[in-house]
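# Understanding the architecture of this molecule
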Number of protein chains: 2
Amino acid sequence: MCELLGMSANVPTDICFSFAGLMRRGGEIGPHKDGWGVAFYEGKGLRCFHDASPCHSSAIARLIEQYPIKSENVICHIRQANVGGVSLANTHPFTRELWSHYWAFAHNGQLAGFHPAAGPYSAVGDTDSERIFCHLLNTLASRYSAPPRLDELTQTLSECCAPLLPLGVCNLMLSNGEWLFTLCTSKLHWITRRAPFGPAQLSDLELEVDFKQHTTANDIVTVIATEPLTSNEQWEAYQPGEWMLWQKGEIVLRGLLLTVQ
Amino acid sequence: MCELLGMSANVPTDICFSFAGLMRRGGEIGPHKDGWGVAFYEGKGLRCFHDASPCHSSAIARLIEQYPIKSENVICHIRQANVGGVSLANTHPFTRELWSHYWAFAHNGQLAGFHPAAGPYSAVGDTDSERIFCHLLNTLASRYSAPPRLDELTQTLSECCAPLLPLGVCNLMLSNGEWLFTLCTSKLHWITRRAPFGPAQLSDLELEVDFKQHTTANDIVTVIATEPLTSNEQWEAYQPGEWMLWQKGEIVLRGLLLTVQ
C-alpha cells in the first residue's frame, strides 16, 4: 500500500517537516520503495518532482527535504507498486491540464477490474490510479465547459467515485491549485495547525519543530496523511467513504459517499 | 530572447556538461534571469524541473548540473521574459498529454497578435509560447485520433508553423519522448557527437569533458542549442525556416517551411 501526504494552507508554507517524516517510510522503515513524487502549486504554476527510486535514498528527495518550497496546496505520494511496474511513468502525482489549470492527483489502493470509458484524457503509464484520474477529468470535461461551482464540482466527483468503492481501496487526493479534494475509503488522517502554534515531534525520526517560530498568528495549515506523522499531536481520522474539500487550510465542503453495493 | 537546449541520443545520456554551459547564461553572464526549466524523458515517463528564479543561482539547477539524469530526449530553456510575467506558470518547458504520451515544448521568440482558435488544450499561463504549444496539440488532436506516421506528423506541424513565421521569431522544440521536433526561424545550432569521441571545452566556463571516457563506440548524441556551447567543435547552423525531426541522435526527417507572406 502506498502513502499519501497533502497540505492545504492559507499562506505559502513549506512541507519540509512532514516530508522528512514521510521520507523515512519510503524504503527505509516502510515498504514504499517503488518511487515517490510531490506536486507543489505556486499560483497557477505547478512544480513536480518524481523519482522511481526509493525516497529515502533519492538525491532529489533530499533537496526537497532541505529546500523550503512554499505552497498553499501540496500533494505527495510514496509508492509500493502493486498494479503497474516500477517506472517514472507510473509514479504519482499525475498531472493534466483542464480549464487552464493544472490538476494533480495521487491515489492509494487498488481497484479490481476498473476499465473506464475512453476519453480525451488517457493514461500514459499502466496504473489503475492514473486511469481513475483520467476518468475523473473525462467526466468533468464532458459535463462542464468551464469550472463549475464547488458544490457542483464535488457532487460530480462524488458521483464518479461512489461506484469505485465496491472495487477496492481508493484513498485519493486531487487539486487544481485552488482547492484540495480528498477522499478516504480506508485510511486518511488530518490535523489543522493554527495559533497558538506549538512544537511537533515526528513519529519516525528524531526531529522536532516549533511551529511558533515559523508562523504568524493568522496562519492556518492543514496536513493530511495516510497515517499521523507526529507523536505529540491529536490527528483526526476520516470515516470510510468520507470526502473533504479543503481551501486555505479549512474544510469548505464535506460529505459521505453513498456506496453502491 | 530566451535560449533553447535540446538533446537526442540513442542511449540514455546525461546533459550535465551542456547544462552547465547554459546555466551560466541564466542571469550570470547572460540576460536570461527570468526562470528556467528542463524536461527529461525516461521511457514514457517525463521528469520536469522548473524555477522562476535565475538559473545560475537556483538550488534545483545546481542539482541538475551535478546529478546525472540520463535520458534519450531532453528539452531545456532559460527565459528572458517579454510576453507574460515572471512566474512558474510562464516557465518553459510546457507539458501536456496527448495519445497516452507526455508532450514537452519550449520556444524562443515572440509572435505579434497570435490568437489561435480555442480547443481542449488551453494555456495556464499568459505567454504566447504556451499558446503556440496548445495550438499545435489542438490541431493534431482534431486531425488524428491516434499517432499518425512521422511524415504525416511533421507535415501537420509544418502547416501549423508556416503561418507563424510572418508574426515574429519562432524557434521551438517539441517532443513526445520518441522523437524531438525542432524548428528554427532565426537561430539554432546543432552538433552530433559519435565515435571517435574527443574532448569538448565549454565556451562560457572553464570546463572540459572527454566524451571518450563516458561513451561507447555505438553512442550517437546530438545537442541542439540557440548558440554553440563549446569552443573547440564545429557546430552546424539551421537555416531560417528549417525544421528537423531527430530520433536516437540522428535526423530522420527535415524540411524547409514555406513562408506565407
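Before reading further, recall that the structure is shown in the block above.
Below: a short report on this structure. (Residues numbered from 1 in each chain as written. Chains lettered and ligands numbered in written order. Predicted model: local features only at pLDDT ≥ 70, side-chain atom pairs only at ≥ 80, totals over all residues. Heavy atoms only, no water.)

### Observations regarding the overall build of chain A
When you go through chain A residue by residue, the secondary structure sums to 4 helices and 15 strands. Computed over its C-alpha atoms, the radius of gyration of chain A comes to 17 Å, within 12% of the 18 Å expected for a compact globule of 261 residues. Principal-axis analysis of the C-alpha atoms gives chain A an extent of 50 × 35 × 35 Å. By residue count, 59% of the 261 residues in chain A fall in the buried class. Intrachain contacts of chain A at a sequence separation of at least 6 include 71% that bridge at least 24 residues. Put simply, chain A shows about 9800 Å² of open surface, and 52% of that area lies on carbon and sulfur atoms. Measuring between centres, the 18 positive side-chain charges of chain A sit 2 Å from its 26 negative side-chain charges. (Helix = DSSP H or I, 4+ residues; strand = E, 2+ residues; numbered from the N terminus. Rg over C-alpha atoms; globule rule 2.2 N^0.38 Å. Buried < 20%, exposed > 50% of the residue type's maximum accessible area, 1.4 Å probe, protein only. Contact = heavy atoms within 4.5 Å. Areas by Shrake-Rupley, 256 points an atom, 1.4 Å probe, with all protein chains shown as cover. Lys, Arg positive; Asp, Glu negative; His and termini not counted. Charge placed at Lys NZ, Arg CZ, Asp CG, Glu CD.)

### Quick notes on the interface of chain A and chain B
At the junction of the two partners, chain A supplies 29 residues and chain B supplies 29 residues. Summed over both partners, the interface of chain A with chain B buries about 2300 Å², with 55% contributed by carbon and sulfur atoms. The residue Asp 51 of chain B makes a salt bridge to Arg 47 of chain A at a minimum N-O spacing of 3.3 Å. Every element with two or more residues in the side of chain A that touches chain B is listed here: β3 (45-51), α2 (59-66), β5 (94-98) and β6 (101-108) of chain A. Here the side of chain A that touches chain B gets 7 residues from one element, more than from any other, and that element is β3 of chain A. When its residues are assigned to classes, the side of chain A that touches chain B shows 16 nonpolar, 6 polar and 7 charged. (Buried area = accessible area lost by both parts, 1.4 Å probe. Salt bridge = Lys/Arg side-chain N within 4 Å of Asp/Glu carboxyl O. Nonpolar A, V, L, I, M, F, W, Y, C, P; charged D, E, K, R; others polar.)

### Section: the pairing of strand β12 (residues 220-225) of chain B
The two faces of a sheet get side chains in turn, since along a regular strand they alternate between them. All names here are of chain B. Most of β12 is tucked away, with 6 of its 6 residues classed as buried. Here β12 shows two buried faces, one formed by Ile 220, Thr 222 and Ile 224 and the other by Val 221, Val 223 and Ala 225. When strand β1 (residues 3-13) meets β12, the two strands line up antiparallel, connected through 5 bridges. Across the sheet, the residue bridging to Met 7 is Val 223, located in β12. In this sheet, β12 lies alongside strand β9 (residues 189-194) in antiparallel orientation, the contact comprising 6 bridges. (Pairing = 2+ DSSP bridges.)

### Here we look at the packing of aromatic side chains
Enumeration over the complete set of coordinates arrives at 19 aromatic pairs over all chains. Linked through ring pairs, Phe 40 and Phe 49 of chain A together with Phe 40 and Phe 49 of chain B together constitute an aromatic cluster. (Phe/Tyr/Trp six-rings, centres within 6.5 Å; stacked < 30°, edge-to-face > 60°.)

### Details of the relation of the copies chain A and chain B
Relating one copy of the chain to the other requires a rotation about an axis plus a shift along that axis. When chain A is fitted to chain B, the best match, at an RMSD of 0.0 Å, comes from turning it 180° and sliding it 0.0 Å along the axis. Interpreted geometrically, this transformation is the action of a two-fold axis. A share of 100% of the interface residues of chain A reappears at the interface of chain B, consistent with the copies meeting face to face through the same patch. (Least-squares fit on C-alpha atoms with pLDDT ≥ 70 in both.)

### Observations concerning the environment of Gln 234 of chain A
All names here are of chain A. Looking at the secondary structure, you find Gln 234 in the loop between β12 (220-225) and β13 (236-237). Using a relative accessible area of 70% as the deciding quantity, one classes Gln 234 as exposed. Separated by 45 residues in the primary sequence, Gln 234 and His 189 place their C-alpha atoms 10.0 Å from one another.

### Topic: the sheet that holds strand β6 (residues 101-108) of chain B
Think of a sheet as strands paired side by side through backbone hydrogen bonds, with each pair either parallel or antiparallel. All names here are of chain B. An order of β5-β6-β7-β8-β14-β15 is seen for the 6 strands of this open sheet, with the pairing classed as antiparallel. Two strands in the sheet have a free side with no partner beyond their single neighbour: β5 (94-98) and β15 (250-256). Between one strand axis and the next, the sheet turns by 15° as a mean value, whatever way the strands run. Looking at chain direction, β6 and strand β7 (residues 171-175) are connected through 5 bridges and run antiparallel. Looking at β7, one finds that Phe 105 is bridged to Leu 174. Sitting on the sheet, helix α4 (residues 150-161) touches β6, β7, β8 (180-183), β14 (242-247) and β15, and the angle it makes with β14 is about 150°. (Axes fitted to C-alpha atoms, helices over the stretch in contact; angles between N-to-C directions.)

### A look at the pairing of strand β3 (residues 45-51) of chain B
All names here are of chain B. Within β3, 7 of the 7 residues are buried, which leaves it mostly tucked inside the rest of the structure. Residues Gly 45, Arg 47, Phe 49 and Asp 51 line one face of β3 and the alternating positions Leu 46, Cys 48 and His 50 line the opposite face, and both faces are buried. Direction of pairing for strand β2 (residues 36-42) relative to β3: antiparallel, over a ladder of 7 bridges. The residue bridging Glu 42 from the neighbouring strand is Gly 45, located in β3. Here β2 hands over to β3 after 2 residues, with Gly 43 in that stretch at a positive phi of 60°.

### Observations regarding the pattern of salt bridges
Residue and element names in this part refer to chain A. Counted under the stated rule, the structure contains 24 salt bridges over all chains. Residues Arg 193 and Glu 233 are paired through a salt bridge, measuring 2.8 Å at the closest nitrogen-oxygen approach. Here the residue Arg 193 occupies a position in strand β9 (residues 189-194), and Glu 233 occupies one in the loop between β12 and β13, the gap between them amounting to 40 residues. Among the residues examined, Arg 193 registers a relative accessible area of 7% and is labelled buried. The partner of Glu 242 in a salt bridge is Arg 254, and the shortest N-O contact between them spans 3.0 Å. Placement of the pair is Glu 242 in strand β14 (residues 242-247) and Arg 254 in strand β15 (residues 250-256), with a sequence separation of 12 residues. Among the residues examined, Glu 242 registers a relative accessible area of 6% and is labelled buried.

### Some words on unusual backbone geometry
If a residue is not glycine, its phi is most likely negative; likewise, a peptide bond is most likely trans. Residues His 92 of chain A and Pro 93 of chain A are joined by a peptide bond in cis, for which omega reads -10°. Residue placement: Pro 93 of chain A occurs in the loop between β4 (71-78) and β5. In the segment running from Ala 195 of chain B into Pro 196 of chain B, the intervening peptide bond is cis, with an omega of -5°. For Trp 99 of chain B, which is not glycine, the phi torsion reads 55° and is therefore positive.

### Re helix α3 (residues 128-143) of chain B
Spanning 16 residues, α3 of chain B covers 23 Å between terminal C-alpha atoms, matching the ideal 22 Å at 1.5 Å per step. Those residues of α3 of chain B not exposed but buried are Asp 128, Ser 129, Glu 130, Ile 132, Phe 133, Cys 134, Leu 136, Leu 137, Asn 138, Thr 139 and Leu 140 of chain B. (Expected span 1.5 Å × (residues − 1).)

### Thoughts on the sheet that holds β4 of chain A
Residue and element names in this part refer to chain A. The strand order across the open sheet formed by 7 strands is β3-β2-β4-β1-β12-β9-β13, and the pairing between neighbours is antiparallel. Among the strands making up the open sheet, the edge pair consists of β3 and β13. Two elements, β9 and β13, share 2 bridges in a ladder whose sense is antiparallel. Within β13, the position partnered with Trp 190 by the bridge is Glu 236. Seen against the sheet, α2 touches β2 (36-42) and β3 and runs at an angle of roughly 40° to β2.

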